[in-house]
Amino acid sequence: MVPALLAHIRATHPRSAAPTTLADRPDATVIRLGDTVVKAHAPGTDPAHLTRRLETASRLPGILLPPLAPAAEHLHDRLVTSWPYGTPVDPDAPAAAPWEAVATLLARLHAGAPRPALPPMRGPAKAARAVTRLHAALRARTHPAARPVLDAWAALPAWARAEAPMPGPAFLCHGDLHLGQLVRHPAPDGPWRLIDVDDLGLGVPAWDLARPAAWYACGLLSPDEWTRFLTAYRRADGPAVPAAGDPWAALDVPARALTVQTAALAITRALAADRPLDETEEALVDACARMSAL
């Protein structure tokens, strides 16, 4: 997809600087051209759903980075959108991760008035897709870590496996929250904004807190960072968890689902690269083993 997207960019931005490829995956190709970022979305992306998501981002410019155009373009079999460039979180400075900022943005997003025309949030569907990819990888080669991951998946309720509607009431959700979905705009040091609307929609808001919750439960996020994140979300009146007390009744199922999703992807990548799991990946598999034992 990169050559086609580069040709498209050169035709539409003939005088711009040399493009830089930011991502090239089966589900997305992202190229930066100066102050503009162009994204080719996954094959099969629903045009009507993407349009609703773009409209939502335009309606909430203080929370979501708004697109440069209100609709996607067609390039071969892909939908292409354009965005302003923002400065991402520095992966080499984990101590400076903006946990309070992302928690506050999430709370504000969840408090936004949901639009009935929005599709469901795609978090459970992404988790199911990760498990499907693991099953496909296991047809060629087995892996000893796969069984506890698949057992933990089977123990989840149907809605968390995208096999039943999500329980209500429905809130406006990001659907794939992690620190890579945060940028400063205007670059380099403007306010933080959420990016990537591919999974945006209506659903269970606790799903957006599930990845940091899962990291904390697996020992991959420190208690201090987790407390900062949760406290900031509560201070901003986020509806995903109670305002005080134990949050885990709301977080347990989404956090388990995100643990399984991440572990499934880790095993799939390890099989493809013919390498052992690293320490972080082993921690995720160990967490799945504990969950399946319960």
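On a predicted model such as this, the values are computed, not experimentally measured, just so you know. Residue positions are counted from 1 within each chain, in the order its sequence is given. Residue-level local features of this predicted model are given only where pLDDT is at least 70; pairs of side-chain atoms are given and counted only at 80 or more, and the full residue set underlies all totals for whole chains, interfaces and linings. Side-chain measures here rest on the full set of heavy atoms in the structure, leaving out hydrogens and waters.

Asker: So what exactly am I meant to see when it comes to the overall build of the chain here?
Answerer: Summing up its helical and strand segments, the chain has 9 helices and 10 strands in all. Since a compact globule built from 294 residues should have a radius of gyration of about 19 Å, the 19 Å found for the chain is in line with a globular shape. For the chain, the C-alpha atoms occupy an extent of roughly 60 × 50 × 40 Å along the three principal directions. Looking at the chain residue by residue over its 294 residues, the buried ones come to 50%. Excluding contacts between residues fewer than 6 apart, the proportion of contacts in the chain whose partners are at least 24 apart in sequence is 71%. Split by element, the accessible area of the chain, about 13,700 Å² in all, is 57% carbon and sulfur. Under this rule, positive means Lys or Arg and negative means Asp or Glu; His and the chain ends count for nothing. Think of each charge as sitting on NZ of Lys, CZ of Arg, CG of Asp or CD of Glu. Between the mean site of the 29 positive side-chain charges and the mean site of the 29 negative ones, the chain shows a separation of 4 Å. Only runs of H or I of at least four residues qualify as helices and only runs of E of at least two qualify as strands under DSSP, and these elements are numbered from the N terminus. All radius of gyration figures rest on C-alpha atoms, and the globule criterion is 2.2 Å times the number of residues raised to 0.38. Between buried and exposed lies partly exposed: a residue is buried under 20% and exposed over 50% of the maximum accessible area for its type, with that area taken using a 1.4 Å probe on protein chains only. Residues are treated as being in contact if the distance between any of their heavy atoms lies within 4.5 Å. Per-residue and other accessible areas follow the Shrake-Rupley method at a 1.4 Å probe size, with only the shown protein chains counted as cover for residues.

Asker: Got a minute to help me understand the state of the cysteines in this structure?
Answerer: By definition, a disulfide is the covalent link that joins the sulfur atoms of two cysteine residues. In this description, the term disulfide denotes a pair of cysteine sulfurs within 2.5 Å. Evaluation of the coordinates by the stated rule reveals 0 disulfides. Not part of a disulfide, Cys218 finds its nearest cysteine sulfur in Cys288, a span of 7.3 Å. With relative accessibility at 13%, the residue Cys218 sits in the buried group. You can call Cys288 buried: its relative accessible area is 0%.

Asker: For this particular structure, what's the right way to read helix 7 (residues 223-235)?
Answerer: Given 3.6 residues to a turn, an α-helix orients residues that are three or four positions apart in the same direction. Taking 1.5 Å per residue, 13 residues should reach 18 Å; helix 7 reaches 18 Å between its end C-alpha atoms and fits that length. Burial in helix 7 covers these residues: Glu225, Trp226, Phe229, Leu230, Ala232, Tyr233 and Arg234. In this structure, the buried side of helix 7 is in contact with helix 3 (99-111), helix 6 (210-217) and helix 8 (248-273). Following helix 7 by one or two positions, Asp237 adopts a phi angle in the positive range, close to 65°. In a helix, the anticipated span is given by 1.5 Å times the number of residues less one.

Asker: Any chance you could explain empty space enclosed by the protein here in plain terms?
Answerer: Rolled over the atoms, a probe with the dimensions of a water molecule shows which regions are left empty. The definitions used throughout rest on a 1 Å grid laid over the protein atoms alone, on which a cavity is an enclosed set of points accommodating a 1.4 Å probe that cannot get out and a pocket is an open set flanked by protein within 12 Å on both sides along at least five of seven lines; lining residues are those having an atom within 4 Å of a point. Grid points are joined across faces, edges and corners, and a volume is the space filled by probe spheres set on the points. This model, assessed by the stated rule, comprises 2 cavities of 30 Å³ or more. Along its surface, the largest cavity is lined by Gly123, Lys126, Gly175, Asp176, Leu177, Trp207, Arg211, Leu258 and Gln261. When contributions to the lining of the largest cavity are tallied by element, the ones reaching two or more residues are helix 4 (123-138) and helix 8. Each pocket or cavity is described by its volume, and for the second largest cavity that value is around 30 Å³. Around the second largest cavity, the lining residues are Arg211, Ala214, Trp215, Leu258, Thr259, Thr262 and Leu284. When residues of the lining of the second largest cavity are traced back to their parent elements, those giving at least two are helix 6 and helix 8. The residue classification treats Ala, Val, Leu, Ile, Met, Phe, Trp, Tyr, Cys and Pro as nonpolar and Asp, Glu, Lys and Arg as charged. All others, Gly included, are polar. Here the lining of the second largest cavity is built from residues that sort into 4 nonpolar, 2 polar and 1 charged.

Asker: Help me understand the pairing of strand 2 (residues 28-33) in this model?
Answerer: For a regular strand, side chains alternate in direction, first toward one face of the sheet and then toward the other. Strand 2 sits mainly inside the fold: 5 of its 6 residues count as buried. Between the end of strand 1 (residues 20-25) and the start of strand 2, which pair antiparallel, lie 2 residues. We call two strands paired when DSSP finds no fewer than two bridges between them. Both strand 2 and strand 3 (residues 36-41) contribute to a ladder of 6 bridges, which runs antiparallel. Residue pairing in the sheet places Arg32 in a bridge with Val37 of strand 3. The hairpin formed by strand 2 and strand 3 contains 2 residues between the paired strands, and Gly34 there has a positive phi angle of roughly 65°.

Asker: What is the right way to read the sheet that holds strand 6 (residues 87-88) from this model?
Answerer: Remark on secondary structure: sheet strands pair via backbone hydrogen bonds, oriented parallel or antiparallel. One open sheet holds the 3 strands; their spatial order is 6-8-9, and the pairing between them is antiparallel. Edge positions in the sheet fall to strand 6 and strand 9 (192-194), since each of these pairs with one other strand and no more. Relative to strand 9, strand 8 (residues 182-184) runs antiparallel, the two sharing 3 bridges. Note on strand 9: the bridge partner recorded for Arg184 is Trp192. Contacting strand 8 and strand 9, helix 3 runs over the sheet at an angle of about 50° to strand 9. The axes are straight lines fitted to the C-alpha atoms, using for helices just the contacting stretch, and the angles between their N-to-C directions are given from 0 to 180°.

Asker: How should I be thinking about unusual backbone geometry in this particular structure?
Answerer: Apart from glycine, the bulk of residues carry a negative phi angle, and the bulk of peptide bonds sit in the trans form. A cis amide bond, omega 0°, links Gly168 with the succeeding residue Pro169. By the element assignment, Pro169 lies in the loop between helix 5 (146-154) and strand 7 (171-173). Positive phi outside glycine occurs at Ala162, with the angle close to 60°. For Asp196, which is not glycine, the phi dihedral falls at a positive 70°. Here Asp196 shows up in the loop between strand 9 and strand 10 (201-203).

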